[in-house]
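The primary structure of each chain is shown beneath.
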Amino acid sequence: MTTLDPESTVASQAQPRPRFVGSWPKIGIRPAIDGRRRGVRESLEDQTLSMARATAELISAELRYPDGTPVVCVIPDSCIGGVVEAAEAADLFRREGVGVSITVTPCWCYGSETMDMDPLMPKAVWGLNGTERPGAVYLAAVLAAHSQKGLPAFGIYGHDLQDAGDSSIPPDVADKLLRFGRAGLAVAILRGKSYLSLGGVSMGIAGSIVDQSFFERYLGMRVESVDMSELTRRMDEGIYDPDELARGLAWTRANCAEGVDRNAPGMQRTREQKDRDWETVVRMTIITRDLLVGNPRLAELDFGEEALGHNAILGGFQGQRQWTDHFPNGDFMEAILNSSFDWNGVRAPFVFATENDSLNGASMLLSYLLTNTAQIFADVRTYWSPDAVRRVTGQALEGRAAGGVIHLINSGSATLDASGQMDRDGQPGMKPFWEIEEAEITRALEATTWYPAVTGYFRGGGFSSNFLSKGGMPVTMCRINLVAGVGPVLQLAQGWTVDLPPDIHHALDQRTNPTWPTHWFVPDVTGDGPFRDVYSVMANWGANHGAISYGHIGADLISLAALLRIPVSMHNVAPEQIFRPSAWTSLGTADPEGADFRACANFGPLYGRRLSG
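Residues numbered from 1 in each chain as written. Predicted model: local features only at pLDDT ≥ 70, side-chain atom pairs only at ≥ 80, totals over all residues. Heavy atoms only, no water.

## Remarks on the environment of Gly-220
- Relative to the helices and strands, Gly-220 resides in the loop between helix 6 (212-219) and strand 8 (222-226).
- For Gly-220, a relative accessible area of 16% gives the class buried.
- In this structure, the C-alpha to C-alpha distance between Gly-220 and Thr-371, residues 151 residues apart in sequence, is 20 Å.
- The contacts of Gly-220, once residues within four sequence positions are left out, are Leu-190, Arg-191, Gly-192, Phe-215 and Tyr-607. (Helix = DSSP H or I, 4+ residues; strand = E, 2+ residues; numbered from the N terminus. Buried < 20%, exposed > 50% of the residue type's maximum accessible area, 1.4 Å probe, protein only. Contact = heavy atoms within 4.5 Å.)

So this is what it looks like as C-alpha cells:
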C-alpha cells in the first residue's frame, strides 16, 4: 500500500483538536490492469502504477481538507486485474478510511470484475486516451457496467491522445479529476455528521421546517434538535468557560465598534442594557459553538455531558421571534461563527444559518466543502432596475450594474469575511482560513460597525453587523428547495459583487435597513430563460434566502449535486464545464436539464428511497 500524505504546510494554523468524530476521508486510487499474465500484465504494471501515483500527487498538491491539511490518497501495492484484487483494494480502503475512489488505467481491463462496487462510494474512472492499449475501450465498458448495475460513475477521457510513455496528466483531465475529487470529498465528509437545530420554525419560513428525511436520505447526516431554552440554562448555570468569556469580551470591546443607535428615542435601550447585551451575545456565541462541536474545557469544569457537543458540521438558530422578543438577537453570534476568526485567532469558519433555515444552511455547507471559504447568508431582498434607480437617485447605473442589481441583505448574520478586505491576487476576495493574514482580519473588523438592533424587529436588543461588500468579487449564489413530489432541487447563479457610487448606495440602502450588511450582486446573464436578464434571476429564485460563496463554483456544485442525486433546475454554467456521471447521457442528450431530473429520480437518494413522514 502507498499512502500519499504530504507534510502539512499549515500545521501551525490547523485546528488544535478535531472538530468532528473520526478522521478526514481519504481518496483511494485504484490502478486497474489487464489481468492476463505471461507478458501482457507485466508490460503494463509500471505504466499503470505511474498513472495512479501521478493522480495521487495531483490531488494531494491541489486539494485540502477543511482544516487546511493536504488530502491523503491511498494506492494499493498491486494493480487490480480481477475480482480478488478488487476485493483486496476494497478491504484496504475500508481499513484506511477511504471515502472516494478513482480508478485509473492505460489499458483494457475486465470491466465488471475490476470495478468498485461500493454503493455509497463516489466513483470516477480515468481511461487513458491512447492507441497502444485500449484504455478508452475499458472506460466505455466499465461505465456501461456501472450504469447497468445502478452505480453511476464519472468518466474521464482526455481530449488529446497521449503516447504510452507520456506520464503527464493533461490539463482537461486534471480539471475533471479535481472537480470530481472536490465533489466526492464533500459527500464523504458530510456522511455521519449532524445538523444542529437550535429552536424550531422561524416566522413560518419553509427552510426552517427542518426535514430530517432530506438530511438523512440525501446528505447522509442526522438532525439534532435542541430547544433555545438550552442557551438560557447554560447562561444561568454557568456552563461555559469563564476564562474564554473574559477573553471574548475584551476582544469584542477592542475590535467591534458600536454604531450610533438608530432607534427612535423611546425605543432605545439604556447604556446599562447595551453593556449587558454585549456580554450576552458573546456568551451566546461561545455556548452555541460548544453545542455544535463540544469543548473539552467543560469536562474540566464538571460538565461532562455538555462537553461532547453534537458532532454538528452545520447549525441553525431560530431566534425570531420567541427568543428575540425577550433576549438579544443572534446576529453577533451568527456573524462571528460564520467568520474565519474570533478572539481565539484565525480558524475554520462554522457554517451556521440564521432563522434556522436548514435548506439555506445545507446550501452554504455544500459550497463551503467545495471551497473551504466562509459563506454568506443573505436575504435575496430587492431587484433594482436601471429605471427604478434613476427615478430614486437621478443617476444611471453603469458597468456590470448597468442592467440592474440584486440587493442581498440580512440582519447581520453574514460572515465578516464578505467585507472583501482580504486580498486575492490584488483583488478583493475571501480565503481559506490558513491563507488569511492578521492585517486582513484587522481590516475586516475595521470595516464593520455593530449597530444596536432595531427594536421594532428585535425587542430584546442585541447588535447587528453593518458593512458593504467590496465589488469585483466573483461569487456563486445557490439554494436548495424542497418540492412536493420531486424532493430537493438546487438552483444557482454565478455573478459578481459590484461597487455602486456612494450616493446611489446610500439612497438605496436607506430604503431597507442601514444597520445591516449589504452585498450588491449582479448575476452573469445569458439572454435566455431565467438568465435572460437580472430581473429574471430574481423572479425565478425559489426562496427568500440565498447562500453566496466566493468564486465561480457552479460547475463544482453541479457535479456534487449529481453525486447526491439532487437535480439542478436553474444555472448559468457553460455547457462545456458541466461534468456529471456518464449514466446521465443515457437519459437524454438534447435536454441535459431534463436528463438530470430523470437520472436523479431513477437512481434515487444516495442513502435510500425511504419516504419521508
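## Quick word on the side chain of Glu-85
- If you trace the backbone, Glu-85 turns up in helix 2 (residues 83-96).
- The exposure class of Glu-85 is buried, given its relative accessible area of 16%.
- Excluding residues within four positions of it along the chain, Glu-85 makes contact with Arg-37, Arg-41, Ser-78, Cys-79 and Ile-80.

## Some points on helix 13 (residues 386-393)
- Along helix 13, the residues that are buried comprise Pro-386, Ala-388, Val-389 and Thr-393. Along the long axis of helix 13, the arc covered by the buried residues comes to 165°, so they all point the same way. For helix 13, the exposed residues lying more than 90 degrees away from the buried face are Asp-387 and Arg-391.
- Count one or two residues on from helix 13 and you reach Gly-394, which has phi positive near 80°. (Arc of directions from axis to C-beta.)

## Thoughts on the sheet that holds strand 19 (residues 463-466)
- On the basis of which strands lie adjacent, the open sheet formed by three strands has the order 9-18-19 and mixed pairing. In the strand order of this sheet, the two ends are held by strand 9 (257-258) and strand 19, each with one partner. (Pairing = 2+ DSSP bridges.)

## Points about the pairing of strand 15 (residues 405-409)
- Burial analysis of strand 15 places five of its five residues in the buried class, which makes it a mostly covered element.
- With five bridges joining them, strand 14 (residues 376-384) and strand 15 adopt antiparallel strand pairing. Bridge pairing in strand 15 places Thr-382 opposite His-407.
- As paired strands, strand 15 and strand 22 (residues 518-523) are joined by four bridges and run antiparallel to one another. Looking across to strand 22, one finds that His-407 is bridged to Trp-520.

## Considering the sheet that holds strand 7 (residues 194-198)
- Spatial strand order, 8-7-10-13: four strands in an open sheet with parallel pairing. Either end of the sheet is taken by a strand with one partner, and the two such strands are strand 8 and strand 13 (352-354). Going across the sheet, the axis of each strand differs from the next one's by a mean of 20°, ignoring polarity.
- The sheet contact formed by strand 10 (residues 312-317) and strand 13 spans three bridges and is parallel. From the neighbouring strand, Phe-317 faces strand 13, where its bridge partner is Thr-354.
- Together, strand 7, strand 10 and strand 13 form the strand contacts of helix 12 (residues 358-371), whose direction differs from that of strand 10 by roughly 145°. (Axes fitted to C-alpha atoms, helices over the stretch in contact; angles between N-to-C directions.)

## Topic: the confidence of the model for the chain
- Here the chain averages 94 in pLDDT, while 97% of its residues score no lower than 70.
- This stretch, residues 8-15, has a pLDDT under 50; its non-local contacts, to residues over four places away or in other chains, come to 18 contacts. (pLDDT = per-residue confidence, 0-100.)

## Some words on the state of the cysteines
- Taken as a whole and judged by the stated rule, the model has zero disulfides.
- Free of any disulfide, Cys-478 has its nearest cysteine sulfur in Cys-600, 15 Å distant.
- By relative accessible area, Cys-478 is classed as buried at 1%. (Disulfide = S-S within 2.5 Å.)

## Some points on the side chain of Lys-431
- Tracing the sequence through the fold places Lys-431 in the loop between strand 17 (427-429) and helix 14 (438-446).
- Residue Lys-431 is classed as buried on the basis of its relative accessible area, which comes to 8%.
- A polar contact is formed between the side chain of Lys-431 and the backbone oxygen of Asp-423, at a distance of 3.0 Å.
- A polar side-chain atom of Lys-431 sits 2.8 Å from a polar atom in the side chain of Glu-440.
- Among all residues touching Lys-431, those that are not within four sequence positions of it are Ser-340, Thr-373, Asp-417, Met-422, Asp-423, Arg-424, Ile-436 and Glu-440. (Polar contact = N/O pair within 3.5 Å; in protein donor to acceptor, adjacent residues only side chain to side chain.)

## Considering helix 2
- The end-to-end C-alpha distance of helix 2 is 20 Å, a good match for the 20 Å that 14 residues give at a rise of 1.5 Å each.
- Buried within helix 2 are the following residues: Glu-85, Ala-86, Ala-89, Leu-92 and Phe-93. Burial along helix 2 is one-sided: seen end-on, the buried residues are contained in an arc of 120°. In helix 2, the exposed residues that point more than 90 degrees away from the buried face are Val-83, Val-84, Arg-94 and Arg-95. (Expected span 1.5 Å × (residues − 1).)

## Description of unusual backbone geometry
- In the segment running from Gln-320 into Arg-321, the intervening peptide bond is cis, with an omega of -5°.
- Of note in this structure, Glu-355 is not a glycine but carries a positive phi near 55°.
- Structurally, the position occupied by Glu-355 is in the loop between strand 13 and helix 12.
- By relative accessible area, which is 8% here, Glu-355 ends up buried.
- Notably, Asn-356 is not glycine yet its phi reads approximately 55°, a positive angle.
- Inspection of the secondary structure assignment puts Asn-356 in the loop between strand 13 and helix 12.
- In this structure Asn-356 comes out as buried when scored by relative accessible area, which is 0%.

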